[in-house]
Amino acid sequence: MEGNQKIHCTVESCRFNNGQQNMCTLKAIKVAPMEDCDTQTPDESMCSSYEYQND
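As the structure is a prediction and not an experimental result, all values here were calculated from the model.

Let us now look at the overall build of the protein. Scanning the protein for helices and strands turns up zero helices and two strands. If one aligns the C-alpha atoms of the protein with their principal axes, the spans along those axes are about 35 × 35 × 15 Å. Expressed as a percentage of the 55 residues in the protein, the buried residues total 15%. Total accessible area on the protein is roughly 5,000 Å²; 47% of this is exposed by carbon and sulfur atoms. Put simply, the protein has 4 plus and 9 minus side-chain charges, and the middle of one group is 14 Å from the middle of the other.

Here it is as structure tokens:
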């Protein structure tokens, strides 16, 4: 599926969010478990590629 996947993101403070269509501009993201979690539900993981947009 390489080249066909899209990453949707509504985190407006991330520098990789294009802002208009809530799409991530990265070609790939890193997803990691939250600290001190055994990751059994989706809310126990997070995007580790996040960078704060400092305008």
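Taken as a whole, the second largest pocket holds about 160 Å³ of empty space. Around the second largest pocket, the lining is made up of 13 residues, and of these C9, V11, C14, C47 and Y50 lie nearest the centre. Taken together, the residues of the lining of the second largest pocket break down into 10 nonpolar, three polar and no charged.

A few words now on the environment of Q53. Take Q53: it is sitting in the segment after β2 (45-47). The partly exposed category is assigned to Q53, whose relative accessible area is 26%. Between the alpha carbons of Q53 and T25 there is a distance of 13 Å; along the sequence they are 28 residues apart. Not counting residues within four places of it along the chain, the set of residues in contact with Q53 comprises E12, S13, C14 and R15.

Here the focus is the environment of D38. Inspection of the secondary structure assignment puts D38 in the loop between β1 (31-33) and β2. When its relative accessible area of 55% is taken as the criterion, D38 is described as exposed. Put simply, D38 and M23 are 15 residues apart on the chain and 29 Å apart in space, counted from C-alpha to C-alpha.

Thresholds applied
- Residues numbered from 1 in each chain as written.
- Predicted model: local features only at pLDDT ≥ 70, side-chain atom pairs only at ≥ 80, totals over all residues.
- Heavy atoms only, no water.
- Helix = DSSP H or I, 4+ residues; strand = E, 2+ residues; numbered from the N terminus.
- Buried < 20%, exposed > 50% of the residue type's maximum accessible area, 1.4 Å probe, protein only.
- Areas by Shrake-Rupley, 256 points an atom, 1.4 Å probe, with all protein chains shown as cover.
- Lys, Arg positive; Asp, Glu negative; His and termini not counted.
- Charge placed at Lys NZ, Arg CZ, Asp CG, Glu CD.
- 1 Å grid on protein atoms, 1.4 Å probe; cavity = no way out; pocket = protein on both sides within 12 Å on 5 of 7 lines; lining within 4 Å.
- Points joined across faces, edges and corners; volume = space filled by probe spheres on them.
- Nonpolar A, V, L, I, M, F, W, Y, C, P; charged D, E, K, R; others polar.
- Contact = heavy atoms within 4.5 Å.

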